[in-house]
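Overview (structure and organization)
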Amino acid sequence: RPRSRAELTPLLLERWPGHDGNALAQAVTYLLPVVQVPPRGVWGKSGQARFATAESWLGAPLASDASPDPVVLRYLAAFGPASVMDAQSWSGLTRLKEVFARLATGLRVFRNEAGRELFDLPDAPRPDPETPAPPRFLPEYDNVFLGHVDRTRLVSDEQRQALVAAAGTRTLRTVLIDGCVAGAWAIDRSDDAARLVIEPAVRLSKPSRAGLLDEGARLLVSVAPEATRHDVRIG
């Protein structure tokens, strides 16, 4: 059954006495195919991390084929167009250049402004560059950042460093305007109230401010439905 590392430790020590129990539990969760199960990952709640074997969670045996080709194709389905370095950064795998070369005949190939090759699935959606991008509030560690090694398409290195410094001890959550980072946000709760505070990093136009306030109001209703008072502030 799903167990925490603390629950695994005495069981592992029964089998391997005289060893470091915590190290054994760490090794199990890093070296075996495992899934971290709810309620750890339930929205708005947390709990002690518990792990189950992937086979028990999926109800099926793991595939014996260790080829990275399906992983690369699944990655491109989510994050293409993307480079070989993007895929390696996201997956932690290396030597993917030969995998992309093997798959290239079935992929669309582009070049970015710097001349780097980008790959995508042939039938993947590629919206017109003029498609409007409405304001969005991203959580920490969002895949829009983690999916690619080059994050300057969303935020400059200087701006990212400034935002991290401004966040201080808070977890950095970002605001997107027209698809680019334009500030940070946080939610303060007190009694029955929830307040969304937006800290812009750029000058906001009137339409952008209105869009942020509107999207922020919907965000508060989603993440703090129990609050009787919702307030959105732009710093």
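Below: a short report on this structure. Since the structure is predicted, the reported quantities are computational estimates derived from the model, not experimental observations. (Residues numbered from 1 in each chain as written. Predicted model: local features only at pLDDT ≥ 70, side-chain atom pairs only at ≥ 80, totals over all residues. Heavy atoms only, no water.)

1. Some words on the side chain of Asp69
Cut-off, in case you're wondering: Strands are runs of DSSP state E lasting at least two residues, helices are runs of H or I lasting at least four, and both sets are numbered from the N terminus onward. Within 3.5 Å is the distance limit for a polar contact, defined as a pair of N or O atoms, with the added protein rule that one can donate a hydrogen and the other accept it, and that residues adjacent in sequence qualify only through two side-chain atoms.
Position of Asp69 among the secondary structure elements: in helix 4 (residues 69-79). Among the polar contacts listed, one links the side chain of Asp69 to the side chain of Ser67, at a separation of 3.1 Å.

2. Topic: empty space enclosed by the protein
Cut-off, in case you're wondering: A 1.4 Å probe that fits but cannot get out identifies a cavity on a 1 Å grid over protein atoms alone, an open set with protein on both sides within 12 Å along at least five of seven lines counts as a pocket, and a residue lines either if it has an atom within 4 Å of a point. Grid points are joined across faces, edges and corners, and a volume is the space filled by probe spheres set on the points. Side-chain classes are defined by residue name, with Ala, Val, Leu, Ile, Met, Phe, Trp, Tyr, Cys and Pro counting as nonpolar, Asp, Glu, Lys and Arg as charged, and the others, Gly among them, as polar.
A complete count under the given rule lists one cavity of 30 Å³ or more for this structure. Around the largest cavity, the lining residues are Pro68, Val71, Val72, Tyr75, Ala87, Trp90, Ser91, Leu93 and Leu96. Residues of the lining of the largest cavity, tallied by class, amount to eight nonpolar, one polar and no charged.

3. Let's talk about the pairing of strand 7 (residues 180-190)
What counts, and what does not: Note on pairing: DSSP must find at least two bridges between two strands before they are called paired.
Relative to strand 7, strand 6 (residues 174-177) is paired through four bridges, and the arrangement is antiparallel. Its bridge partner being in strand 7, Val175 is matched across the sheet by Gly183. Note that strand 7 and strand 8 (residues 193-200) share eight bridges and pair antiparallel. Of the residues in strand 8, the one forming a bridge with Ser190 is Ala193. Count of turn residues in the strand 7/strand 8 antiparallel hairpin: two residues, of which Asp191 carries a positive phi of about 50 degrees.

4. A word on the layout of surface pockets
If you add up the space inside the largest pocket, you get close to 1,300 Å³. Gly80, Pro81, Pro127, His148 and Arg153 are the residues nearest the centre of the largest pocket, which is lined by 33 residues in total. Looking at the lining of the largest pocket, the elements with two or more residues in it are helix 4 and strand 4 (117-120). Tallying contributions element by element places helix 4 first for the lining of the largest pocket, with four residues.

5. Some remarks on helix 5 (residues 84-91)
Inclusion rule: Here's how the labels work: a residue is buried when its accessible area is under 20% of the maximum for its type, exposed when over 50%, partly exposed in between, all with a 1.4 Å probe on protein chains only. Contact between two residues is taken to exist if any of their heavy atoms lie within 4.5 Å; hydrogens are not considered.
Taken as a whole, helix 5 has its buried residues at Val84, Asp86, Ala87 and Gln88. Where the residues of helix 5 are buried, they touch helix 4, helix 6 (97-103) and strand 4. A distance of 3.4 Å separates the backbone nitrogen of Met85 from a side-chain oxygen at the start of helix 5, and that oxygen is part of Ser83.

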